Each structure stands twice: as structure tokens, then as C-alpha cells.
Amino acid sequence: MNKESMLKIIKDQSLARKKKLADALSEIATDEAIDGIYQLLSDKSEFVVLFALEALNRLACEGFDINIKYAVDAYHAFGDKDSIKMACAKLLGNSSNSIAIKTLVEMLKDMTPGVRHYAVESLTKFGLSPTLALVNLLTEEYVEWPTREAAALALTFLSTLKGSEVEVTLKNVLTVKSENVQFSVVRSLKEIGNPVLA
């Protein structure tokens, strides 16, 4: 597929043609094809952006390097669309780019349960790297309950990894935090079935 015909479809109004384009570009998987998928992320249609995110996610799962800036931009541009935010969280997790950790931790603050779910799932794909960011979020003074619970869940998954010192870290942090934070952290860990600090 040449560049002119690709650009013509991108400017076309047909959602079906754009879906086929996203699928075709992910099959081609050259740098130019992936750039075409990135262009689809700037479409005004939620469905086209979802097609593009799904195509990028397939590529990320196959080991292609994905520029996560485009996923982060789509997350912020479509902040009112839960399906796009969830697709962005999945893509960030499959990207294997540790820069995504910051955005995924930010996604734990989202009020949509599905977004938090995929953010937790994605964070666990980075091994122990997100531990400090999650401990910091879990032990912040003023954090919404769903966020604290999601951070506790992610830390519980990470604590099962070999070489993890999540429990030791939490115990040390809680010695200097306020009683309110201590209570909230212990409660959130108990609610998800991790009685480590009880």
C-alpha cells in the first residue's frame, strides 16, 4: 500500500475503511505502516481510535517497539471515553516501556473500575519496577479509596514475585506515616486478601 492511498483512507469518512486500514497496517508492520496507525489515533471518531489502539496492541504483543506517547496522548484526549482509556492501559502494559509506569500509576486514580483494573494488570507486567511508585501512591495522605485499593492490589501481585521486598518496604514506610494512612493501608490490604500488615 503506497503512502498516498493510505493518506486518502485516513482522510475518508468511512469507519469500515479505516478499520480495514488499521488491520492492514498492523499486518504490514513496517515503520511507515506503524506511523499510519499513529495517524489514525488523531481521528475524531472513538471507534477509529479504538481500531488503531487494538492494532498497536497486537503489534506490541508481537514484540514491536511502540511509541507510548501516542497512547498517552489518546488517553488524555479521550479522557471521557472509558473504552479508549482501558485500551490505552492495555497497550501501555504490553509496550514493555518502563516510561509507561508513571501514566499507569496515574490511571489508578481514574474513577472507572475497568481503567483501574487494566492499569493494575499492566503494572504487574513490569516486574518490580513500579513498586516504589505504588508504595508512594498507597501511602499518600489524601488518596481516594478506589485508588488506594487498586495500588494495594498491584502491590499484592508484585509481592509474589521472586526478590520482592514489598512487605518490608510497606512496613518501613508505615512507621513514619500518619495513623490515618496506616489504617487505610492496612484496611485496603485486608480487603484484597493480603493480611501481611495486619
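Now for a look at the structure at hand.

Turning next to the overall build of the protein chain. What the protein chain contains, in helices and strands, is 12 helices and 0 strands. Secondary structure elements of the protein chain, listed N to C terminal, follow the sequence α-α-α-α-α-α-α-α-α-α-α-α. Across the protein chain, every contact between residues at least 6 apart in sequence was considered, and the portion connecting residues at least 24 apart equals 63%. Accessible surface, the protein chain as shown: approximately 10300 Å² in total, 53% of it carbon and sulfur.

On to the pattern of salt bridges, then. As a working rule, side chains carrying opposite charge can pair if their charged atoms are close by. As enumerated under the stated definition, the model contains 6 salt bridges in all. A salt bridge links Asp 23 to Arg 58; the nearest nitrogen and oxygen atoms lie 3.0 Å apart. Residue Asp 23 is found in helix 2 (residues 15–28), and its partner Arg 58 is found in helix 4 (residues 46–61); the two are separated by 35 residues along the sequence. Asp 23 sits in the partly exposed class, given a relative accessible area of 26%.

In this fold, Asp 43 is placed in the loop between helix 3 (31–40) and helix 4. Classification of Asp 43 by relative accessible area gives buried; the value is 15%. It is 9.9 Å that separates the C-alpha atoms of Asp 43 and Ala 74, two residues lying 31 residues apart in sequence.

What follows deals with the packing of helix 7 (residues 100–107) against helix 8 (residues 113–123). Between helix 7 and helix 8, the shortest axis-to-axis distance is 8 Å and the interhelical angle comes to 145°. Classified by chirality, the crossing of helix 8 by helix 7 is left-handed. On helix 8, the residues touching Ile 101, Leu 104, Val 105 and Met 107 of helix 7 are Val 115, Arg 116, Ala 119, Ser 122 and Leu 123. Its residues placed into classes, the contact of helix 7 with helix 8 shows 7 nonpolar, 1 polar and 1 charged.

Counting through the fold element by element, Thr 131 comes out in helix 9 (residues 131–138). Of the residues examined, Thr 131 reaches a relative accessible area of 12% and is grouped as buried. A distance of 2.7 Å separates the side chain of Thr 131 from the backbone oxygen of Leu 128, its partner in a polar contact. Every residue in contact with Thr 131, bar those within four places of it in the chain, is listed here: Leu 155, Leu 158 and Val 166.

A separate point is the environment of Ala 154. Mapped onto the secondary structure, Ala 154 falls in helix 10 (residues 145–159). For Ala 154, a relative accessible area of 0% puts it in the buried group. For Ala 154 and Thr 131, which are 23 residues apart along the polypeptide, the C-alpha to C-alpha distance reads 8.6 Å. If we skip the residues at most four places from it in the chain, Ala 154 touches Val 120, Thr 124 and Leu 134.

On to the nonpolar core, then. Of all hydrophobic cores here, the largest spans 62 residues; its most connected members are Leu 53, Leu 56, Leu 92, Leu 104, Met 107, Leu 108 and Leu 134. Top element by residues in this core is helix 4. It accounts for 10 residues.

Most of helix 7 sits inside the fold, with 6 of its 8 residues counted as buried. Contacts from the buried residues of helix 7 go to helix 5 (68–77), helix 6 (82–94), helix 8 and helix 9.

Calculation criteria
In every chain, residue numbers begin from 1 and rise along the written sequence. Per-residue local features of the predicted model are confined to residues with pLDDT of at least 70, and side-chain atom pairs are confined, for both listing and counting, to 80 or more; whole-chain, interface and lining totals are unaffected and use all residues. As a rule here, side-chain values come from all non-hydrogen atoms in the structure, and water together with hydrogens is ignored. Starting at the N terminus, helices and strands are each numbered in turn, a helix being any DSSP run of H or I of at least four residues and a strand any DSSP run of E of at least two. Contacts are assigned to residue pairs that have any heavy atoms within 4.5 Å of one another. A 1.4 Å probe and the Shrake-Rupley method give the accessible areas. Residues count as covered only by the protein chains that appear here. Throughout this description, the term salt bridge denotes a Lys or Arg side-chain nitrogen within 4 Å of a carboxyl oxygen of Asp or Glu. The buried label goes to any residue with under 20% of its type's maximum accessible area, the exposed label to any with over 50%, and the partly exposed label to all in between, with areas taken from a 1.4 Å probe on protein chains only. Here an axis means a line fitted to C-alpha atoms, over the contact stretch when the element is a helix, while the angle between two N-to-C directions is reported on a 0 to 180 degree scale. When the near helix sits turned anticlockwise from the far one by under a right angle, the crossing is termed left-handed; a clockwise turn instead gives a right-handed crossing. Just so you know the grouping, Ala, Val, Leu, Ile, Met, Phe, Trp, Tyr, Cys and Pro go in nonpolar, Asp, Glu, Lys and Arg go in charged, and all remaining residues, Gly too, go in polar. Residues adjacent in sequence count toward polar contacts only when both atoms are side-chain atoms; beyond that, a polar contact is any pair of N or O atoms within 3.5 Å, and within protein one must be able to donate a hydrogen and the other to accept it. What is meant by a nonpolar core is a set of buried Ala, Val, Leu, Ile, Met, Phe, Trp, Tyr and Cys residues, joined one to another through side-chain atoms within 4.5 Å.

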